[in-house]
Amino acid sequence: MVTRLSLLKELSALIADDVLVVSSIGNNSGFWGQLKDREANLFHVTMGMCTSTALGLALALPNRKVLALDADGNLTLNLGVLGTVANEAPKNLTIVLMDNRNYLGSNKKEPGMPTATAGKMNLEEVAKGCGIAGACTVEEVAGFRAEVHKALSTDGPHFIRARIEALDNDRPPRNKRVPDPRENKYQFAGYIQKTEGVEILGSGLGGG
Amino acid sequence: MKSEKAQLVVNGLKEAGIDFAAGVPDAQFIEVYKMVEKDPGIRYVGTANEAEAAGVGFGAWFGGKKPALLLATSGLLVATYHLARINLLHEVPMLVVIPYRGDIGDPRWLGLYKKTTEPGLNAMDIPYRIVSRSADIVRSIKECNESARAWLKPVAVLLNEEALW
């Protein structure tokens, strides 16, 4: 089995600069921020909200690739979103799920508590049952590379479940500061305004 | 709910420039959902729960949309965690439209929501306006959305018994 970091390194080499990445809280955001410092990242999306945020973004910008960097505990908090994704069927959405099968193990030397996927739940099958026919599971780097490449070059929605090590023992050094949610909002929204020509910020009249 | 009252809510959304909506249908507000879903100027996303709707609206805002959540008073409770994050950590605007079941004057057994709706919004620091007259629906929805976008935070409009039924 592979580590989260090894797959994120692979993703960082594969992904085009203009793909919008929505990452869940915890090590998905923390590691991605170290590996891929770019304006097209929305970090710190909380439990149960990562894929739904990416869905809203993908529907609002149908000609822009959007990638959700989600996790098992985060997704299972709001699992119904997979049904919504299947029914709305945004062609430009890819969900990459880091499935380490436990809560709070990512910052520890030992596993935290098991998620449902540590037991009988298989999120690839759940995604298929929701209507995302091409959902798949990968367990090593080469398979991950092939599935991400396919997802980013063909119509979605795509769901890639990556079974990763429970612990992040290869965490990268913290050389960069990941922006806080407000700073990140201005950075991400400003980047989309600039590249899509839409108005997001600046809708107030000012005043004083 | 009379269709002319539902139409006023939709007119308010249109006046406000709302072009994206998400939510879970509520029995007392179903006409509004049906009209919004059919409106070519509003992209409606029906979600499995109201917290999911908040996330979808949050993402749509980053895509340049002007989002509204259509929530029941019960659904506001479901959405609370995500709305609190959107308001207090990210500071992102969103119009929240709620048929205010349980307000004084509602003869049904929904008084629970009198105890949760306004205190819940206050706890999340989400400003709101209660609308009691149907003549105020359109203007209030427009003004609440203008404030949401200027202040970069969700703002709620509560439409009560007298205004809607």
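By convention here, each chain's residues receive numbers from 1 onward along its written sequence. By the order in which they are written, chains take letters starting at A while ligands take numbers starting at 1. The predicted origin of the model limits local features to residues at a pLDDT of at least 70 and limits the giving and counting of side-chain atom pairs to 80 or more, whereas totals for whole chains, interfaces and linings rest on all residues.

Can you help me understand the sheet that holds strand E5 (residues 128-131) of chain B in this one?
The strands that make up a sheet pair up through hydrogen bonds in the backbone, lying either parallel or antiparallel. Residue and element names in this part refer to chain B. What makes two strands pair is DSSP finding at least two bridges between them. Here a strand is any run of E in DSSP of at least two residues, a helix any run of H or I of at least four, and the numbering for each starts at the N terminus. Across the sheet, which stays open at both edges, the six strands sit in the order E2-E1-E3-E4-E6-E5 with parallel pairing between neighbours. Strands with a single pairing partner mark the edges of an open sheet, and in this sheet they are strand E2 (43-46) and E5. Between one strand axis and the next, the sheet turns by 20° as a mean value, whatever way the strands run. One ladder, built from four bridges, connects E5 with strand E6 (residues 154-160); its direction is parallel. Counted as the bridge partner of Val 131 is Leu 159 from E6. Contact definition: two residues whose C-beta atoms, as placed from backbone geometry, lie within 7 Å. Fitting a line to C-alpha atoms yields each axis, with helices limited to the stretch in contact; the angle taken between N-to-C directions then spans 0 to 180 degrees. The strands that helix H4 (residues 73-90) touches are strand E4 (94-100) and E6; relative to E4, the one it contacts most, it runs at about 160°. In the packing of helix H6 (residues 137-151) onto the sheet, contacts are made with E4, E5 and E6, and the angle to E6 comes to roughly 165°.

Honestly, the pairing of E4(B) in this entry has me stumped. Any pointers?
Side chains on a regular strand alternate between the two faces of the sheet. Residues and elements named next belong to chain B. To sort residues by burial, count the other C-beta atoms lying within 10 Å of each one's C-beta; a count of 20 or more means buried, 12 or fewer means exposed, and anything in between means partly exposed. C-beta atoms are built from the backbone. Counting buried positions along E4 yields seven of seven residues, so the element is predominantly enclosed. Residues of E4 alternate between two faces, with Met 94, Val 96, Ile 98 and Tyr 100 on one and Leu 95, Val 97 and Pro 99 on the opposite face, all of them buried. If you view a crossover with the strands going away from you and the path from the first strand over the helix to the second runs clockwise, you call it right-handed. One crossover worth recording links strand E3 (residues 67-70) to the parallel E4 by way of H4, and it is right-handed. Bridge count for E4 against E6 is seven bridges, and the pairing is parallel. What sits directly across from Val 97, in E6, is Val 157.

Help me understand the sheet that holds strand E4 (residues 93-99) of chain A, please; the structure alone is not making it clear to me.
Residue and element names in this part refer to chain A. Strand order in this open sheet of six strands is E2-E1-E3-E4-E8-E7, and the pairing throughout is parallel. Of all the strands in the sheet, just strand E2 (41-45) and strand E7 (136-138) have a single pairing partner and so form its edges. The average angle at which neighbouring strand axes cross in this sheet is 20°, direction not considered. Here strand E1 (residues 20-24) runs beside strand E3 (residues 66-71); their pairing, made up of four bridges, is parallel. Considered in E3, the bridge of Val 21 is made with Leu 67. Across the sheet, helix H3 (residues 50-60) is in contact with E1, E2, E3 and E4; its angle to E3 comes to roughly 170°.

Can you help me understand the packing of helix H1 (residues 3-16) of chain B against helix H2 (residues 30-38) of chain B in this one?
Helix packing for two helices is described by the angle between their axes and how far apart those axes are. Residues and elements named next belong to chain B. In the contact formed by H1 and H2, the axes pass within 9 Å of each other and the chain directions differ by 50°. As summarised for this structure, H1 and H2 are arranged oblique, according to the angle between their axes. Seen along the crossing, H1 lies across H2 with a hand that is right-handed. Contact residues: Ser 3, Ala 6, Gln 7, Val 9, Val 10 and Leu 13 in H1; Glu 31, Val 32, Met 35 and Val 36 in H2. Residue polarity is assigned by list, with Asp, Glu, Lys and Arg as charged and Ala, Val, Leu, Ile, Met, Phe, Trp, Tyr, Cys and Pro as nonpolar; anything else, Gly included, falls into the polar class. Split by residue class, the contact of H1 with H2 holds seven nonpolar, two polar and one charged. For classification, angles of less than 35 degrees are called roughly parallel, those exceeding 145 degrees roughly antiparallel, those between 65 and 115 degrees roughly perpendicular, and all remaining angles oblique. Helix crossings fall into two classes, left-handed where the near helix is turned counterclockwise from the far one by less than a right angle and right-handed where it is turned clockwise.

Can you walk me through the confidence of the model for chain B in this structure?
Low-pLDDT portions of the prediction should not be read for the details of their coordinates. Per-residue confidence from the predictor is reported as pLDDT, a score between 0 and 100. Across chain B, the average pLDDT comes to 94, with 99% of residues at 70 or higher. At the level of chain-chain contacts, confidence expressed as ipTM amounts to 0.96, with global pTM at 0.96.

What exactly am I supposed to notice about the interface of chain A and chain B here?
How big an interface is tends to be stated in terms of accessible area lost as the parts join. Across the boundary between the two partners, chain A contributes 32 residues, which contact 27 residues of chain B. Take the side of chain A that touches chain B: its biggest share by element is eight residues, from H3(A). Looking at the side of chain A that touches chain B, its residues break down into 16 nonpolar, eleven polar and five charged.

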